[in-house]
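# A closer look at the structure
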Amino acid sequence: MKKIVVWNHVAEYNLGGPSIMHGIYELLREVYPDGFDLVNLQQRTPLPTHDIADMPYRTIPIQETRAVDFLKVYYLNQKIPAQPGKISLSDAFEIVKGADVVVDLFAIDFCDKFGQETRPSPLAPLYTKMNYPLAAAARKYHVRSGKVAASFGPMTCEFTRHAARFAADHLYDFMIAREHKSQQAMRGAGSRKDIPFSPDIANLMPFTKREEYTHPTVGLSISHQIIRQWKSAEDYTFCMAKLCLHIQNELHAETLLIPNEILPQTPYNDIDVAEDIAELLEQLGGTTRILNSQDLTSTEIKNHIAGCELLVASRYHSCVAALSSCTPLLVVGWHYKYEELMHSYRQDAWLLSEADCDSQKLLTTFDALWEQRAAVRQTLTEVYPQVRAEIIAVGRRMLGEENK
């Protein structure tokens with residue numbers, strides 16, 4: 001039976017990481033129908049129980065490690081003592097050593113915005129090993145190391161380019177880009193490896209039912225991230241409040257605000273955005289509901305998205321959840337990852353940019369999609385099997401099983 005280790009993701013208070021975790025499980029079910037042993041090594045702790053309550057595999061927390069711990073374990077083969085209820089980095093290395101494949105699940109890497117541009121380029125190999133310790137462990141023990149579809153770049157500074165090149169050529173046997181522009185970024189960094197394209201593995205995540213609402217409901221997956229990216233003259237929260245009011249008054253439907261990223265230590269997260277929109281909407285004479293995302297599993301959140309008549313989203317993995325459940329989607333986004341995701345599902349027409357989105361354009365585009373939502377849902381139903389097949393085909397290559 002194949003033993004698979006996954007690692008390097010943010011599962012807590014975020015739809016994205018759990019969606020990817022579900023996606024890798026579905027990929028393995030397709031590739032290994034006779035069974036497999038899957039373990040998740042969780043580097044970020046503590047982890048709320050409900051965030052992994054719907055995960056059908058073991059999660060083992062790794063205690064926080066320092067750079068010196070990595071150096072001792074990787075170069076000197078030293079044993080690091082473990083804290084109660086956790087394993088040490090040396091224990092994690094032993095688990096990797098006994099695996100058939102180790103898969104990195106983090107979906108954004110090698111970007112100048114990570115603040116590493118001041119580091120000296122000659123030290124990039126060492127820093128990269130420390131930043132991706134279980135990929136380094138896999139290479140040390142000759143275990144296959146893969147990385148699921150991720151966004152790469154922009155990488156204009158030499159340290160970032162050197163780190164990306166080193167990782168592709170010396171840490172991972174197989175990396176996947178979830179956008180063609182990310183492919184280009186890796187080529188521009190000078191990687192000798194073929195970095196194939198594939199849509200995000202989270203597209204494989206299933207939902208268990210379409211949530212049944214009393215009245216037709218439009219979901220709005222709002223974002224604190226887009227507020228920092230916003231360039232339009234009209235405020236993002238104002239545009240969303242105006243849309244909610246329009247849906248309520250003109251379409252006689254309800255709205256559901258869906259927070260996605262809700263890390264408590266973040267000064268202003270998606271829950272705060274939802275509350276600001278709800279307060280502004282009340283001043284305009286409307287009402288809305290806010291989904292209690294912090295107490296739901298990722299499957300339950302996707303069930304809510306799947307039950308919507310239509311989703312308006314500014315969060316990437318909410319967009320993935322909508323499209324992969326064949327729910328019509330209007331994106332208000334700021335990154336080429338939204339463009340390429342929508343293109344994969346033949347939904348290019350339903351994308352607005354943070355640079356020129358105002359309430360009038362938002363309402364006009366929404367109304368057009370609302371009128372065509374049945375036809376759009378049919379298109380998504382036809383396209384999804386193609387997207388799924390592409391992800392699985394590239395996933396087989398990542399696992400080293402393409403010829404089996």
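Residues numbered from 1 in each chain as written. Predicted model: local features only at pLDDT ≥ 70, side-chain atom pairs only at ≥ 80, totals over all residues. Heavy atoms only, no water.

## Notes on the nonpolar core
Cut-off, in case you're wondering: Side-chain atoms within 4.5 Å are what join buried Ala, Val, Leu, Ile, Met, Phe, Trp, Tyr and Cys residues into a set we call a nonpolar core. Accessible area is worked out with a 1.4 Å probe on protein chains only. A residue is then buried under 20% of its type maximum, exposed over 50%, and partly exposed in between. Put simply, DSSP marks the helices as runs of H or I at least four residues long and the strands as runs of E at least two long, and each gets a number from the N terminus on. Residues are treated as being in contact if the distance between any of their heavy atoms lies within 4.5 Å.
Of all hydrophobic cores here, the largest spans 91 residues; its most connected members are Ile-24 and Val-103. In terms of residue count, helix 15 (residues 373-399) provides more of this core than any other element does, ten residues in total. With near-sequence residues (within four places) excluded, Ile-24 lies in contact with Val-6, Tyr-57, Val-103, Leu-105, Val-148, Ile-201 and Met-398.

## Looking at the sheet that holds strand 10 (residues 289-290)
Spelled out, the test is: Two strands pair if DSSP finds at least two bridges between them. Angles shown run from 0 to 180 degrees and are taken between the N-to-C directions of axes, each axis being a line fitted to C-alpha atoms and, for helices, limited to the stretch in contact.
If you trace the six strands from one edge of the open sheet to the other, you get 10-9-8-11-12-13, paired in parallel fashion. Strands with a single pairing partner mark the edges of an open sheet, and in this sheet they are strand 10 and strand 13 (351-353). Relative to strand 12 (residues 329-333), strand 11 (residues 310-313) is paired through three bridges, and the arrangement is parallel. Looking at strand 12, one finds that Ala-313 is bridged to Val-331. Sitting on the sheet, helix 9 (residues 236-250) is in contact with strand 8 (217-221), strand 9 (254-257), strand 11 and strand 12, with an inclination near 175 degrees to strand 8.

## Here's the deal with the packing of helix 3 (residues 89-97) against helix 5 (residues 133-140)
What counts, and what does not: Here roughly perpendicular refers to angles of 65 to 115 degrees, roughly parallel to angles under 35, roughly antiparallel to angles over 145, and oblique to all remaining angles. The crossing is said to be left-handed when, going from far helix to near helix, the turn is anticlockwise and less than a right angle, and right-handed when the turn is clockwise. Note on residue categories: nonpolar means Ala, Val, Leu, Ile, Met, Phe, Trp, Tyr, Cys or Pro, charged means Asp, Glu, Lys or Arg, and polar means any other residue, Gly included.
The contact between helix 3 and helix 5 brings their axes to 9 Å, and the two run at 50 degrees. It follows from the interaxial angle that helix 3 and helix 5 lie oblique. Helix 5 is crossed by helix 3, and the crossing has right-handed handedness. Residues Leu-89, Ala-92, Phe-93 and Val-96 of helix 3 touch helix 5, and the partners they reach there are Pro-133, Leu-134, Ala-137 and Ala-138. For the contact of helix 3 with helix 5, the class distribution of residues is eight nonpolar, no polar and no charged.

## Here's the deal with the packing of aromatic side chains
This is how it is decided: In this scheme Phe, Tyr and Trp rings, the latter by its six-membered ring, pair at centre separations within 6.5 Å, and the angle between planes marks the pair as stacked below 30 degrees, edge-to-face above 60, and tilted otherwise.
A full pass over the atoms with the stated rule returns 15 aromatic pairs. Plain terms: the ring middles of Tyr-316 and Tyr-338 are 5.9 Å apart, the flat faces sit at 70 degrees to each other, and that makes the pair edge-to-face. One end of the pair, Tyr-316, is in helix 12 (residues 316-324); the other, Tyr-338, is in helix 13 (residues 336-344), with 22 residues separating them in the sequence. Under the relative-accessibility criterion, Tyr-316 is labelled buried at 6%. In textbook terms, an aromatic cluster arises when at least three aromatic residues are bridged by ring pairs, as seen for Phe-70, Tyr-74, Tyr-75, Phe-93 and Tyr-141.

## Points about helix 3
Quick reminder: α-helices carry 3.6 residues per turn. Residues three or four places apart thus point the same way. In terms of residue burial, helix 3 counts as a mostly covered element, since seven of its nine residues are buried. Restricting attention to buried positions, one finds in helix 3 the residues Leu-89, Ser-90, Asp-91, Ala-92, Phe-93, Ile-95 and Val-96. Packed against the buried residues of helix 3 are strand 1 (2-7), strand 2 (36-42), strand 3 (58-61), helix 2 (67-76), strand 4 (101-104) and helix 5.

## Considering the side chain of Thr-299
To keep it simple, the criterion reads: What qualifies as a polar contact is a pair of N or O atoms within 3.5 Å, subject to a donor-acceptor requirement within protein and to the restriction that residues adjacent in sequence count only when both atoms come from side chains.
When you line up the elements, Thr-299 lands in helix 11 (residues 298-306). There is a polar contact of 2.6 Å between the side chain of Thr-299 and the side chain of Asp-54. If we skip the residues at most four places from it in the chain, Thr-299 touches His-22, Asp-54, Met-205 and Thr-208.

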